[in-house]
Amino acid sequence: MSPALDGRTPEREGTLPEGYRVRRARAGELAALTEIERAAARLFEDLPLELDIPDEVTTVSGFREAFDAGRLWVAEGPDGSPVGFAHVEMLGEEPHLEELDVHPDHGRRGLGSVLVQTVCAWAAAEGYAGVGLTTFRGVPWNQPFYARMGFRVLGPADLTPAQREKMRQEHARGLREEQRVMMRFQTAIRP
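Worth saying up front: this structure is predicted, and the values here are computed from it rather than measured.

Engineer: Quick rundown of the packing of helix α1 (residues 30-41) against helix α2 (residues 60-68)? Include the residues and the values.
Structural biologist: A pair of packed helices is characterised by two quantities: the angle between their axes and the separation of those axes. In the contact formed by α1 and α2, the axes pass within 9 Å of each other and the chain directions differ by 115 degrees. Crossing angle aside, the handedness with which α1 passes α2 is right-handed. Packed against α1, whose contacting residues are Leu 30, Ala 31, Leu 33, Thr 34 and Glu 37, the element α2 presents Val 60, Phe 63, Arg 64 and Phe 67 at the interface. Counted by class, the contact of α1 with α2 contains six nonpolar, one polar and two charged residues.

In structure tokens, the structure reads:
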């Protein structure tokens, strides 16, 4: 399932359990993605993040924008309904994985890995040199997960103006600067 990314693939080749698949989202599924995001956010409730994450979810209009631009994928469960998603926005000149969530009832099956691989393969096919994201430091299913997928942490000197602004906006929303990190997967070698 893992497409080549200029000879590179995030992590190892991803496979999905029988009955699951990753595909583009459908217009009628956008409201369901908010519920998946809310359910996945509950995993953060016992962490010392000092943020009310479960109440902060993407709006249907936010998903609609990504859907209309062709930057929204879902992991479909055996019954054909979405159980996870990857939501990509443009941040400056490069794709930014704004949100990746898998409903906890379907977690630990490789769905997140295949969603990330799909986004990175799409970015490479579209000619983008990389994919960025922001995530929590030290949360096992955040920074360490993406590092295993081939993303690297960007230091302050590596950030583009758009990435610096993204980090500033997150901090203004109450995400503590020391808990957040910007990461990037390079899909191709820049000339």
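The structure having been displayed, the exposition proceeds.
Engineer: Which residues make up the pairing of strand β7 (residues 180-186), and what values go with them?
Structural biologist: With six of its seven residues buried, β7 lies for the most part within the structure. By the bridge criterion, seven bridges tie strand β5 (residues 130-136) to β7 in an arrangement that is antiparallel. What sits directly across from Phe 136, in β7, is Arg 180. Examined bridge by bridge, strand β6 (residues 152-153) and β7 share two bridges and lie antiparallel to one another.

Engineer: Summarise helix α3 (residues 111-125); cite the residues concerned and give the values.
Structural biologist: For an α-helix, the turn length of 3.6 residues means that residues three or four places apart are oriented alike. The terminal C-alpha atoms of α3 lie 21 Å apart, and with 15 residues this matches the ideal 21 Å at 1.5 Å per residue to within 8%. Of all 15 residues in α3, 13 are buried; the element is thus mostly enclosed. Remark: Gly 127 follows α3 within two positions and exhibits a positive phi of approximately 90 degrees.

Engineer: Quick rundown of α1? Include the residues and the values.
Structural biologist: In a regular helix each residue adds 1.5 Å, so 12 residues correspond to 16 Å; α1 covers 17 Å between its end C-alpha atoms and thus fits that length. All of the buried residues along α1 are Leu 30, Leu 33, Thr 34, Ile 36, Glu 37, Ala 39, Ala 40 and Ala 41. Of the surrounding elements, those touching the buried residues of α1 are α2, β2 (72-76), β3 (82-91) and β4 (94-102).

Engineer: I'd like a rundown of the pairing of β3, residues and numbers included.
Structural biologist: The two faces of a sheet get side chains in turn, since along a regular strand they alternate between them. Taken across its 10 residues, β3 has eight buried, putting it largely inside the fold. The pairing of β2 with β3 spans five bridges and is classified as antiparallel. Within β3, the residue paired with Val 74 across the bridge is Phe 85. Looking at chain direction, β3 and β4 are connected through eight bridges and run antiparallel. Of the residues in β4, the one forming a bridge with Glu 89 is His 96. What sits between β3 and β4 in their antiparallel hairpin is a turn of two residues, with Gly 92 showing a positive phi close to 70 degrees.

Engineer: Would you mind going over the pattern of salt bridges in detail, with residue names and values included?
Structural biologist: As enumerated under the stated definition, the model contains 13 salt bridges in all. The partner of Arg 23 in a salt bridge is Glu 29, with the nearest N and O atoms 2.5 Å apart. A residue is classified by how much of its surface remains accessible, and Arg 23, at 7% relative accessible area, is buried. The salt bridge involving Arg 26 is made with Glu 76; its shortest N-O contact spans 4.0 Å. With Arg 26 in the loop between β1 (21-24) and α1 and Glu 76 in strand β2, this residue pair connects regions lying 50 residues apart in the sequence. Residue Glu 76 is classed as buried on the basis of its relative accessible area, which comes to 9%. Because the salt bridges share partners, they merge into one network encompassing Arg 21, Arg 23, Arg 26, Glu 29 and Glu 76.

Cut-offs applied
Residues numbered from 1 in each chain as written. Predicted model: local features only at pLDDT ≥ 70, side-chain atom pairs only at ≥ 80, totals over all residues. Heavy atoms only, no water. Axes fitted to C-alpha atoms, helices over the stretch in contact; angles between N-to-C directions. Helix = DSSP H or I, 4+ residues; strand = E, 2+ residues; numbered from the N terminus. Left-handed = near helix turned anticlockwise from the far one by under 90°. Contact = heavy atoms within 4.5 Å. Nonpolar A, V, L, I, M, F, W, Y, C, P; charged D, E, K, R; others polar. Buried < 20%, exposed > 50% of the residue type's maximum accessible area, 1.4 Å probe, protein only. Pairing = 2+ DSSP bridges. Expected span 1.5 Å × (residues − 1). Salt bridge = Lys/Arg side-chain N within 4 Å of Asp/Glu carboxyl O.

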